[in-house]
Amino acid sequence: MVVKVYGQIKAANPQRVLLCFLEKGIEFEVIHVDLDQLEQKKPEHLLRQPFGQVPAIEDGDLKLFESRAIVRYYATKYADQGTDLLGKTLEKRAIVDQWVEVENNYLYAVALPLVINVVFKPKFGEPCDVTLIEELKVKFEKVLDVYENRLATNRYLAGDEFTLADLTHMPGMRYIMNETTLGDGLVTSRENVNRWWNEISARPAWKKLMDLAAY
Amino acid sequence: MVLTIYAPLFASSKRAVVTLVEKGVPFETVHVDLMKGEHRKPEYIAIQPFGKIPVLTDGDYKIFESRAIMRYVAEKYRSQGPDLLGKTIEERGQVEQWLDVEATSYHPPLLALTLNIVFAPLMGFPADENVIKESEEKLGEVLDVYEAQLSKNEYLAGDFVSLADLAHLPFTEYLVNEIGKAYLIKDRKHVSAWWDKISSRPAWKEVCEKYALPLSALPL
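What counts, and at which threshold
- Residues numbered from 1 in each chain as written.
- Chains lettered and ligands numbered in written order.
- Predicted model: local features only at pLDDT ≥ 70, side-chain atom pairs only at ≥ 80, totals over all residues.
- Heavy atoms only, no water.
- Salt bridge = Lys/Arg side-chain N within 4 Å of Asp/Glu carboxyl O.
- Helix = DSSP H or I, 4+ residues; strand = E, 2+ residues; numbered from the N terminus.
- Buried < 20%, exposed > 50% of the residue type's maximum accessible area, 1.4 Å probe, protein only.
- Core = buried A, V, L, I, M, F, W, Y, C linked by side-chain atoms within 4.5 Å.
- Contact = heavy atoms within 4.5 Å.
- Buried area = accessible area lost by both parts, 1.4 Å probe.
- Polar contact = N/O pair within 3.5 Å; in protein donor to acceptor, adjacent residues only side chain to side chain.
- Pairing = 2+ DSSP bridges.
- Axes fitted to C-alpha atoms, helices over the stretch in contact; angles between N-to-C directions.

Side note on the pattern of salt bridges
Residues and elements named next belong to chain A.
1) Next: Applying the stated criterion across every chain, the model contains 35 salt bridges over all chains.
2) Next: Across the pair Glu134 and Lys137 runs a salt bridge, and its minimum N-O distance is 3.6 Å. Placement of both Glu134 and Lys137 in helix 5 (residues 130–153) is noted, with a separation of 3 residues, approximately one turn of the helix.
3) Next: Classification of Lys137 by relative accessible area gives partly exposed; the value is 26%.
4) Next: We note a salt bridge from Arg190 to Glu141, for which the minimum N-O separation is 2.6 Å. Pair noted here: Arg190 is in the loop between helix 8 (182–188) and helix 9 (191–200) and Glu141 is in helix 5, with a separation of 49 residues, a long-range link.

Now the structure itself:
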């Protein structure tokens, strides 16, 4: 069955789901929801995602939203197909979970307002909060220092293998690296984070997603 | 080997603590005095590199992030106590969905209210009235969605209590008590009924009694 993904290929949260599907060889169809036209707030989409966000998926009778919940579901359901994104033991899976939580609670929480102020507000001609940007950069640096330490002794965030823990970071990292000039100070200056980003962004599934997104 | 939870008195930790109690898993606790900055000391950073609480240790194994701990405990002790993950992969998908909703949509505005209304006066930093107003509005919008969901299902993920419901307990307890905005819950019929049900579970009552944070004893 082809999974329907409602969202935009260029948007970060849908990309988390699409990347998982590409890594696992799961067939999907993207049904475009025009975020610039606020299509996600319209009644038709609210039936699929009551908070007015993307992505949402339909897989036969199954409907799900929240990109990290979706990737956890598919990584579990198709554990034996494509890249193993979860880890083989409960203990390993829990560490994967831990770093997915870290991405959501520490990194995304800082990176999102940063990208909004540095990329989106200028795009829409809105004034950006310069003081806030500086505060967020400081917070971001502190978080990345922990990552730098972690990746000094681990090839990937959860250990020796590429997992959801790494995958979940990629859409947000792309914004930082490709759409802002923050990448130099934040990422390339950190040897291990830089090595990690170069390695995971060279994966065929990521390259395929970048082709589809056609930036 | 006995499990150990660090900083059980704080709300985020209580997500993990209530899961352990629901599953009937014995555990020990280690107090971490956030007011004295114990979470920033090297011995603590060695087990939680971000200096946040909680952490769970199980012999040499350690795991942080309250919701990751919840999942680990619920899975490891699947065969005892209530099944907090659902019975099928599909039910689990719904649990994960609402657990993530708590993290991404419910928690941020509620945390902002908690910090500005409960902790600002105690810790002596100024409350941001704009943030309070926006957070209250935002939380109301989120709870409207919950009201619709809970009019169709007894609990968030379906007709069974799950991690998704339990994750809401600690900070919602602040909302209906110290924050003084219980109306957000009580004025919504199905949300109110859901809150009454989950907050009167014996496990949650036990957690509130045993691990109460003595707010009045906090330094100014």
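Side note on the nonpolar core
Most often, soluble globular proteins keep nonpolar side chains buried together rather than apart.
1) Next: Counting residues in each nonpolar core, the largest one holds 143 residues, and the members touching the most others are A:Tyr74, A:Tyr147 and B:Tyr146.
2) Next: Take this core: its biggest share by element is 14 residues, from helix 4 (residues 90–123) of chain A.
3) Next: Residue contacts for A:Tyr147: discarding those within four places in its chain leaves A:Trp99, A:Val102, A:Glu103, A:Leu107, A:Leu157, A:His169, A:Val193 and B:Phe50.

What to know about unusual backbone geometry
1) Next: In the segment running from A:Val54 into A:Pro55, the intervening peptide bond is cis, with an omega of 5°.
2) Next: Relative to the elements of secondary structure, A:Pro55 occurs in the loop between helix 2 (43–46) and strand 3 (56–59).
3) Next: Here the amide bond leading from B:Ile53 into B:Pro54 is cis, since omega sits at 0°, within 30 degrees of zero.
4) Next: Mapped onto the elements of the fold, B:Pro54 is located in the loop between helix 2 (42–45) and strand 3 (55–58).
5) Next: For A:Leu38, which is not a glycine, the phi torsion comes out positive at approximately 60°.
6) Next: Locating A:Leu38 in the fold gives a position in the loop between strand 2 (28–32) and helix 2.
7) Next: Positive phi, close to 60°, is recorded for B:Ala7, a residue that is not glycine.
8) Next: Its place among the elements puts B:Ala7 in the loop between strand 1 (3–6) and helix 1 (11–22).

Here's the deal with the interface of chain A and chain B
1) Next: If you look at the interface, chain A gives 30 residues, while chain B gives 30 residues.
2) Next: Summed over both sides, the interface between chain A and chain B buries roughly 2600 Å², with carbon and sulfur atoms accounting for 64% of that surface.
3) Next: Inspection of the chain A/chain B interface yields 6 salt bridges.
4) Next: The salt bridge involving A:Arg93 is made with B:Glu75; its shortest N-O contact spans 3.6 Å.
5) Next: Here chain A is connected to chain B by 13 residue pairs in polar contact (both at pLDDT 80 or more).

Some words on the sheet that holds strand 3 of chain B
Whether parallel or antiparallel, the strands of a sheet pair through hydrogen bonds between backbone atoms.
All names here are of chain B.
1) Next: An order of 2-1-3-4 is seen for the 4 strands of this open sheet, with the pairing classed as mixed. Across the chains shown, the open sheet's two edge strands, defined by having one partner strand only, are strand 2 (27–30) and strand 4 (61–64). The average undirected angle you get between the axes of adjacent strands in this sheet is 20°.
2) Next: Judged from the 4 bridges that link them, strand 1 and strand 2 form a sheet pairing that is parallel.

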